[in-house]
There are 2 protein chains.
Amino acid sequence: MASLDDVARAAGVSTATVSRALSGRGRTSEATRERVRAAADELGYVASATASSLASGRAENIGVIVPLMDRWFFATVLDGIAARLAPRGYDLTLYNLTDDPAQRRRLFETTLRRGRVDGLIVLSVRLSDDEVAALAALGRPVVGLGVPRGELGALRVDDTAVGRAATQHLIDLGHRDIAHLGQGFAPSGPGGGVGAGADPAYDIPTRRRAGFETAIAATRLAGLPVNGRFVEADFTVDGAHRATVALLNEPHPPTAIFAASDEMAYGVLAAARERGVAVPADLSVIGVDGHDLAGLFDLTTIDQFPHAQGERAGDAILAAVGAELPNPDETVDASASLPFALVRRGTTAPPRDWTEPSSRPRTTAPPRG
Amino acid sequence: MASLDDVARAAGVSTATVSRALSGRGRTSEATRERVRAAADELGYVASATASSLASGRAENIGVIVPLMDRWFFATVLDGIAARLAPRGYDLTLYNLTDDPAQRRRLFETTLRRGRVDGLIVLSVRLSDDEVAALAALGRPVVGLGVPRGELGALRVDDTAVGRAATQHLIDLGHRDIAHLGQGFAPSGPGGGVGAGADPAYDIPTRRRAGFETAIAATRLAGLPVNGRFVEADFTVDGAHRATVALLNEPHPPTAIFAASDEMAYGVLAAARERGVAVPADLSVIGVDGHDLAGLFDLTTIDQFPHAQGERAGDAILAAVGAELPNPDETVDASASLPFALVRRGTTAPPRDWTEPSSRPRTTAPPRG
DNA sequence: CTGAAAGCGCTTACAG
DNA sequence: CTGAAAGCGCTTACAG
């Protein structure tokens, strides 16, 4: 493969000039630039990324830390990130963060310190204090997305508002007995490290639940009390399925279920179908995410636009590492709140035998910004 | 951050010795190795990946080319690959290959030639002759997975056998009118390049269809003819949904549908539900993949173990680039056929009013190897 | 087993 | 605007 020297010789200039002409850094005359480009094209020259990185300190590579890469949500966010990085010439290196302590230590103490990335995007993982410190010690920009750590200049949707919106939708439909299927706070976090997940207030499921509680509490203050119950369940189809079966076995099952994710909502729907409970006639169901197959299930959900989230995170990290953004006009605010929107479909409806009060105020979807 | 020199000074040896002691390449005495390790630990030294790569020519990084990274199948394969690379200390760089010609050219002519990867895994993409040539010119090992190009030493499941197995399952159940929803061959391929997809015989959907035709044809030879029809549809939930609606509108709809993917099968199920066609009483449905949610839909499918496919591909590329495998005993045969298995669930059953012939031979699931 | 030294292929002050 | 030269931080024959 042709090297810088080859191009320099062919163009009759120094290697310094070739480097400047091709990279656009530093001045070169229009004429030499042309000549150099022609020579480079001719020889099929492409600069070695590793040599370039070593000399410049720029890796032109962004690391993305993801838990569970086989979940639709993360894959979609990843797609959004990649869509922004590729056109800028940045590579995307994927780091899967599991619950295995040895694997985590390896990632934070070795892999990440090899200096292969200019910046990092961290997706929805709970980090211990040590891990956050290790990230900081890297001395590279880090953008968190859905990460329960304020330190990471995190992009995030207002999960409390999401929880409130989903619950309010059910209340507005006339439901007076609503269950929320979510995940309890895991004190030690998946990392098992001291202080992992530190402040429960930052945890996504916890915040969605807080929104639920807030909406329920507001109905009491307003004088038309709604019965709200929280039910702990795994953040999976099966977990929600199990919890729903138990719920439907109770003497007085709720008339509506707010599942903390669309996949959980699928589990709810499956359980209802198996028990012969009609949706939405006997049970309304709402999820969160805007999952791929939500339309297929005719599932009402709070869409949080994961692909757009990925794009935002990609732009944010590019800005942080000093790459020019595709559109230089727009500044990326890495602390801004991300949009979400209620998508009404067929799994939510007024409860059976319910008639709309004449003067009932309707809550509209939250603003998308 | 500490450098090699720092460690050498602390341990009282040369940088060459530090490099050898830490990497394990070349001889060092037990004693100095200990001393060097202690010094390295003390200083928190981690070798710079870019300097190491430049000097050694080893990037310890594998590139993975994927289409559509937000599809469950690819995300799962990716997870399998990552599971094998990480423990060996290899990074995984993700390249999303879209249909955009400019983006493709950029990838093959520039990005990949920057020398950042030791080897490549190519997942289920159709490549033009030029693209295959560009890959070969890289001079690095390439492992194809589900790639319709024999050149790439591809791992693949026997898709013809998959098509045959799915069809045979329906025939064995007693169906005599079966439709196969698949994708027609796109002559120019997504790359739009000359010769893209070259030989249709290598295309996955085409091979599944060939298996379908073969199984149908065999029934004619055997004297109990089954009516088989191929219906072209997009490889998506919606595409299959549309095709199924059309099919169910016909005067004589089939009693069974073999969808070329599980996601397509979901579309079939949705259409059936909407039209009030009972599954499996009035319509049997089988898919292919072993999708995440197949259990939820109670969908009969041909599982092709995508996670295991990823692991195989990961092992194959590691072997090709000369990394020691986790288990040195096992040799990875990159040309071997991958396993698949029929998973019987509730969406397939004998057709209505059908009674099993007394002496009917039953076909069993194909061997998983 | 260990060290001195060249070299991997670029980038970038520093002069001119 | 352009060139000579140092340097990025490792690895690896080559001697000893």
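Up top you'll find the structure we're talking about.
An account of the accompanying structure is given in this report. The residue count restarts for each chain, going from 1 along the sequence in the order it is written. To read the labels, note that chains go from A and ligands from 1, taken in the order they are written. Two thresholds apply to this predicted model, a pLDDT of at least 70 for residue-level local features and 80 or more for giving and counting side-chain atom pairs, whereas whole-chain, interface and lining totals are computed over all residues. Side-chain measures here rest on the full set of heavy atoms in the structure, leaving out hydrogens and waters.

**Focus: the overall build of chain A**
We count it as follows: Working definition: helices are DSSP H or I runs of at least four residues, strands are E runs of at least two. Numbering for both runs from the N terminus. Buried, partly exposed and exposed residues are distinguished by accessible area as a fraction of the type maximum, computed with a 1.4 Å probe on protein chains only: under 20%, between the cut-offs, and over 50%, respectively. Note on areas: Shrake-Rupley, 1.4 Å probe, and residue coverage restricted to the protein chains presented here.
A tally of regular secondary structure across chain A gives 12 helices and 12 strands. Burial analysis of chain A (369 residues in total) assigns 51% to the buried set. Just so you have it, chain A exposes about 15400 Å², and 51% of that area is on carbon and sulfur atoms.

**Thoughts on the protein's contact with DNA strand D**
For the record, the criterion: Residues are labelled near a given molecule or strand when at least one of their non-hydrogen atoms is within 4 Å of it. The definition of a polar contact used here is a pair of N or O atoms within 3.5 Å, where within protein one atom must be able to donate a hydrogen and the other to accept one, and adjacent residues in sequence count solely through side-chain atom pairs.
Thr17(A), Arg27(A), Thr32(A), Ser19(B) and Arg58(B) are the nearest of the 24 residues found near DNA strand D. One of the backbone nitrogen or oxygen atoms of Leu4(B) is found 2.9 Å away from a phosphate oxygen of DNA strand D. Of all the elements in the fold, those that place two or more residues in the surface near DNA strand D are helix 2 (15–23) and helix 4 (49–56) of chain A together with helix 2 (15–23) and helix 4 (49–56) of chain B. It is helix 4 of chain B that contributes the most residues to the surface near DNA strand D, 4 residues altogether.

**Some points on the packing of aromatic side chains**
Residue and element names in this part refer to chain A. Spelled out, the test is: Under the pairing criterion, centres of Phe, Tyr and Trp rings, with the six-membered ring standing for Trp, must be within 6.5 Å; the plane angle then separates stacked pairs below 30 degrees from edge-to-face pairs above 60, leaving the rest tilted.
Here the structure, examined in full by the defined rule, presents 7 aromatic pairs over all chains. Ring plane angle 20° and centroid distance 4.0 Å describe the contact between Tyr266 and Phe297, whose orientation is recorded as stacked. Residue Tyr266 is found in helix 11 (residues 262–275), and its partner Phe297 is found in the loop between strand 9 (284–289) and strand 10 (300–303); the two are separated by 31 residues along the sequence. Take Tyr266: its relative accessible area is 0%, and that puts it in the buried class. Given a relative accessible area of 12%, Phe297 falls into the buried group.

**Comments concerning the packing of helix 5 (residues 72–85) of chain B against helix 12 (residues 306–321) of chain B**
Residues and elements named next belong to chain B. The test is simple: Only the contacting stretch of a helix is used when fitting its axis, a line to C-alpha atoms as for every element, and angles between N-to-C directions run 0 to 180 degrees. Roughly parallel covers angles under 35 degrees, roughly antiparallel covers those over 145, roughly perpendicular covers 65 to 115, and oblique covers all other angles. Should the near helix be turned anticlockwise from the far one by less than a right angle, the crossing is termed left-handed; should it be turned clockwise, right-handed. The criterion used for residue contact is that any of the two residues' heavy atoms lie within 4.5 Å.
The interhelical angle for the contact between helix 5 and helix 12, taken along N-to-C directions, is 45°, at an axis separation of 7 Å. When the axes of helix 5 and helix 12 are compared, the pair comes out oblique. The two elements helix 5 and helix 12 cross, and the hand of that crossing is right-handed. Touching Trp72, Phe73, Thr76, Val77, Asp79, Gly80, Ile81, Ala83, Arg84 and Leu85 of helix 5 are Pro306, His307, Gln309, Gly310, Glu311, Gly314, Asp315, Ile317 and Leu318, all from helix 12.

**Some words on the relation of the copies chain B and chain A**
As a reminder, the rule being used: The copies were overlaid by least squares, fitting only the C-alpha atoms of residues that reach a pLDDT of 70 or more in each copy.
With an RMSD of 0.0 Å, chain B superimposes on chain A once it is rotated by 180° and translated 0.0 Å along the axis. This pairing of chains is accounted for by a two-fold axis. When C-alpha distances to the rotation axis are compared across chain B, the minimum falls at Thr93(B), with a value of 2.1 Å. Looking at the interface residues of chain B, 100% of them are also at the interface in chain A, so both copies use one shared face.

**A few points about the protein's contact with DNA strand C**
Which entries qualify depends on this criterion: Polar here means any residue outside two lists: the nonpolar Ala, Val, Leu, Ile, Met, Phe, Trp, Tyr, Cys and Pro, and the charged Asp, Glu, Lys and Arg; Gly therefore counts as polar.
Around DNA strand C sit 25 residues, and of these Ser19(A), Arg58(A), Thr17(B), Arg20(B) and Arg27(B) come closest. Sugar and phosphate atoms constitute 68% of the interface atoms of DNA strand C, taking the interface as everything within 4 Å of the protein. In this structure, a phosphate oxygen belonging to DNA strand C sits 3.4 Å away from a side-chain N or O atom of Ser52(A). Of all the elements in the fold, those that place two or more residues in the surface near DNA strand C are helix 2 and helix 4 of chain A together with helix 2 and helix 4 of chain B. Of the residues forming the surface near DNA strand C, the biggest block, 4 residues, is contributed by helix 4 of chain A. Residue classes in the surface near DNA strand C are distributed as 10 nonpolar, 10 polar and 5 charged.

**A word on the nonpolar core**
Going by this rule: Definition used in this section: a nonpolar core is a set of buried Ala, Val, Leu, Ile, Met, Phe, Trp, Tyr and Cys residues joined via side-chain atoms within 4.5 Å.
Formed by 90 residues in total, the largest nonpolar core has its most connected members in Leu94(A) and Leu94(B). If we skip the residues at most four places from it in the chain, Leu94(A) touches Val64(A), Val66(A), Met69(A), Leu78(A), Leu78(B), Leu92(B) and Leu94(B). One finds Ala260(A), Ala243(B), Ala272(B) and Phe297(B) within the second-largest nonpolar core, a separate group that totals 51 residues.

**Examining the sheet that holds strand 7 (residues 227–232) of chain A**
All names here are of chain A. Convention followed: Two strands are said to pair when DSSP picks up at least two bridges between them.
Across the sheet, which stays open at both edges, the 6 strands sit in the order 7-6-8-9-10-12 with mixed pairing between neighbours. The sheet is open, and its two borders are formed by strand 7 and strand 12 (341–343), each paired with just one other strand. Across this sheet, the average inter-strand angle for adjacent strands is 20°, counted without regard to direction. With 4 bridges connecting them, strand 6 (residues 177–182) and strand 8 (residues 256–259) associate as parallel partners. When the bridges of strand 8 are listed, Leu181 appears paired with Ala259. Helix 8 (residues 159–172) rests against strand 6, strand 8, strand 9, strand 10 and strand 12 of the sheet, and its axis sits at about 165° to strand 8. In this fold helix 9 (residues 204–221) packs onto strand 6, strand 7, strand 8 and strand 9, with an angle of close to 165° to the strand it touches most, strand 7.

**Points about the packing of helix 10 (residues 237–248) of chain B against helix 11 (residues 262–274) of chain B**
To characterise two packed helices, one gives the angle between the axes of the helices and the distance between these axes. Residues and elements named next belong to chain B. Axis separation between helix 10 and helix 11 bottoms out at 7 Å; the angle between their running directions is 40°. Put simply, helix 10 runs oblique to helix 11. In the packing of helix 10 onto helix 11, the handedness of the crossing is right-handed. On the side of helix 10, the interface is formed by Val237, Ala240, His241, Thr244, Val245 and Leu248, while helix 11 contributes Glu263, Met264, Gly267, Val268, Ala270, Ala271, Ala272 and Glu274.

**Considering the interface of chain B and chain A**
The cut-off we apply is this: Computed with a 1.4 Å rolling probe, the buried area is the accessible surface lost when two parts are put together, summed over both parts. In the sections that follow, a salt bridge refers to a side-chain nitrogen of Lys or Arg positioned within 4 Å of a carboxyl oxygen of Asp or Glu.
Between chain B and chain A, the residue contacts involve 48 residues of the former and 48 residues of the latter. Here chain B packs against chain A, burying approximately 4200 Å² in sum over the two surfaces, 56% of which is carbon and sulfur. Inspection of the chain B/chain A interface yields 4 salt bridges. Ionic pairing is found between Arg116(A) and Asp91(B), a salt bridge with its closest N-O pair at 3.0 Å. Seen at the junction of chain B and chain A, the total is 23 residue pairs in polar contact (both at pLDDT 80 or more). Contributing elements (two or more residues each) for the side of chain B that touches chain A: helix 4, helix 5, strand 2 (91–96), helix 6 (101–109) and helix 11 of chain B.

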